[in-house]
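Report on the structure
Now for the letters of each chain:
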Amino acid sequence: MRFAVLQFPGSNCDQDCVHVLGNVLGQQADYLWHKEESLGNADAVVVPGGFSYGDYLRTGSIAQISPVMNAVKQFANDGGLVIGICNGFQILCETGLLPGALVRNRSLQFRCEQVYLKVPTQNSPFTREIEAGGVIRVPIAHGEGCYFADEESLVRLQSNDQILFRYVTAEGEPTEEANPNGSLLNIAGICNEARNVCGMMPHPERASESILGEDDGLRIFEGMLRHFEGKPVAAEPEPAV
Amino acid sequence: MKAKIVITPKKAVLDPQGKTVQTALEHMGYEGVNDVHVGKYLEIELEGDDAEAWKPRIDEACHKLLSNPVIEDYHFTIE
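Described below are features of the structure shown in this document. Sequence order as written defines residue numbering, which begins from 1 separately in each chain. The lettering of chains begins at A and the numbering of ligands begins at 1, in the order of writing. Restriction of local features to residues with pLDDT of at least 70 applies here, the model being predicted, together with a cutoff of 80 or more for giving and counting side-chain atom pairs; totals for whole chains, interfaces and linings are based on all residues.

**Quick look at helix 3 (residues 87–95) of chain A**
Residues and elements named next belong to chain A.
- Of all 9 residues that make up helix 3, 9 are buried, and the element is covered over most of its length.
- Exposure criterion: with C-beta atoms placed from backbone coordinates, a residue whose C-beta has 20 or more other C-beta atoms within 10 Å is buried, one with 12 or fewer is exposed, and one in between is partly exposed. Numbering of helices and strands runs from the N terminus; a helix is a DSSP stretch of H or I covering at least four residues, while a strand is a stretch of E covering at least two. Three or more residues of helix 3 are buried, namely Asn 87, Gly 88, Phe 89, Gln 90, Ile 91, Leu 92, Cys 93, Glu 94 and Thr 95.
- Residues are defined as contacting one another if the C-beta atoms placed from their backbone atoms lie within 7 Å. Looking at the buried residues of helix 3, the elements they touch are strand 3 (44–47), helix 2 (67–77), strand 4 (81–85), strand 5 (101–103) and strand 11 (197–200).
- Directly beyond the C-terminal end of helix 3, a positive phi value near 90 degrees is found at Gly 96.

See below:
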């Protein structure tokens, strides 16, 4: 599988993504400069974290008008797999590929820590390798990760099962204390209605090797790979009698 | 000629900066501060003197780039 990892001026998680997709997942991963107008033969796009264009004006606002984003929009609308991580999530919201927006953390602090995420649904290429209702541990590092959407959009996200990741306690409870940034409904990540575009504030690429502490994040990339390969979702284990 | 654009967070959006500034003002002894909203102010130098012709273009730019309609409101004058 061929992943294109976008690079904007100010991206800083692009190398981590290429390392994990190439060296850990064993797939082809190539950098793609934001001035490119074509995605070439990519099978999936990663919009990595960082501070594209120095976060000037609003996070992700300038990156959304980069030439490569026209190709990404077309690719996504044709059903291609796209994942935006941290600043990548902000960029995908600014382009309109995902609903809502990310605003300043309620605490006004930059939060850099491990968080627990509940994965409510297996029904997406990004979460299919994680059991429904399971909890994973992945780090965050952001100052503007407070998810906001109007009431109507929030209702739609819930009724369409588009919330893929929620901030929870280690026990899986979506409490206010477990919410690091004030996101509505403790939302850490969502997908679009067609379920081929995902945005998330936490960094799965920083939790993809057990030798570095955590590998829960790898399952998200494995999900994309298995989906691309057309493999069926692993069956739910039989309940113990 | 200049476009003067004011962008503010929508009322429904949490504005922790505004709240923090409000608290600071209260600590300084300014009474009667009911609410504070922190936004952005942009000045754009424009060619020519046809303000009417610029209005729809500035409006479009505000909608497409300068503000995010999901979280922000804007208004502007051209003078």
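Read on for the rest.
**Concerning the environment of Gly 88 of chain A**
Residues and elements named next belong to chain A.
- One can find Gly 88 in helix 3.
- Remark: the alpha-carbon pair of Gly 88 and Ala 149, spanning 61 residues in sequence, is separated by 17 Å.
- Non-local contacts of Gly 88, meaning those with residues more than four positions away in its chain, are made with Val 47, Pro 48, Gly 49 and Gly 199.

**Let's talk about the sheet that holds strand 3 (residues 72–78) of chain B**
Residues and elements named next belong to chain B.
- A sheet is described by the order of its strands in space; here 3 strands give the open sequence 2-1-3, paired in antiparallel fashion. Each edge of the open sheet is held by one strand with a lone partner, namely strand 2 (40–45) and strand 3. Between one strand axis and the next, the sheet turns by 20 degrees as a mean value, whatever way the strands run.
- What makes two strands pair is DSSP finding at least two bridges between them. Where strand 1 (residues 2–9) meets strand 2, 6 bridges bridge the pair, whose relative direction is antiparallel. In the sheet register, Lys 4 faces strand 2, and the bridge partner there is Glu 43.
- Seen against the sheet, helix 2 (residues 51–66) touches strand 1, strand 2 and strand 3 and runs at an angle of roughly 160 degrees to strand 3. Between the N-to-C directions of two axes lies an angle of 0 to 180 degrees, each axis being a line fitted to C-alpha atoms and, for a helix, fitted only over the stretch in contact.

Function cannot be inferred from these measures alone, as they are strictly geometric.
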